[in-house]
Amino acid sequence: MKRNLTQKQLTCIAGVAASTIHSYESGNRYPSYGVLINYLTDYPVFHLLK
């Protein structure tokens, strides 16, 4: 599900650099569990279960 966040918004939420977000999007790198938890804390995923 798309959230229509900019890379800048996502960097603030995840606490990582814009270049890191680009690496995630291009598949060159994957987020750590800590980054995922930061993101999921701000954006609950229960809606994905529908």
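Residues numbered from 1 in each chain as written. Predicted model: local features only at pLDDT ≥ 70, side-chain atom pairs only at ≥ 80, totals over all residues. Heavy atoms only, no water.

Quick word on the environment of His-22
So, step 1. Relative to the helices and strands, His-22 resides in helix H2 (residues 18-26).
So, step 2. His-22 sits in the partly exposed class, given a relative accessible area of 47%.
So, step 3. A sequence separation of 15 residues divides His-22 from Gln-7, and the C-alpha atoms of the two residues are 7.9 Å apart. (Helix = DSSP H or I, 4+ residues; strand = E, 2+ residues; numbered from the N terminus. Buried < 20%, exposed > 50% of the residue type's maximum accessible area, 1.4 Å probe, protein only.)

Focus on the side chain of Thr-11
So, step 1. Tracing the sequence through the fold places Thr-11 in helix H1 (residues 7-14).
So, step 2. The residues contacting Thr-11, other than those within four sequence positions of it, are Val-16, Ala-17, Ala-18 and Ile-21. (Contact = heavy atoms within 4.5 Å.)

Concerning the environment of Pro-31
So, step 1. Following the sequence through the fold, Pro-31 ends up in the loop between H2 and helix H3 (33-42).
So, step 2. Residue class for Pro-31 comes out partly exposed when judged on its relative accessible area of 29%.
So, step 3. Measuring from C-alpha to C-alpha, the distance between Pro-31 and Thr-20 comes to 8.6 Å, with 11 residues separating the pair along the chain.
So, step 4. Residue contacts for Pro-31: discarding those within four places in its chain leaves Tyr-24 and Leu-36.

Quick notes on the confidence of the model for the protein
So, step 1. Overall, the prediction assigns the protein a mean pLDDT of 77, with 76% of residues at 70 or greater.
So, step 2. Highest mean pLDDT in the protein belongs to H2 (89); lowest belongs to H3 (75). (pLDDT = per-residue confidence, 0-100.)

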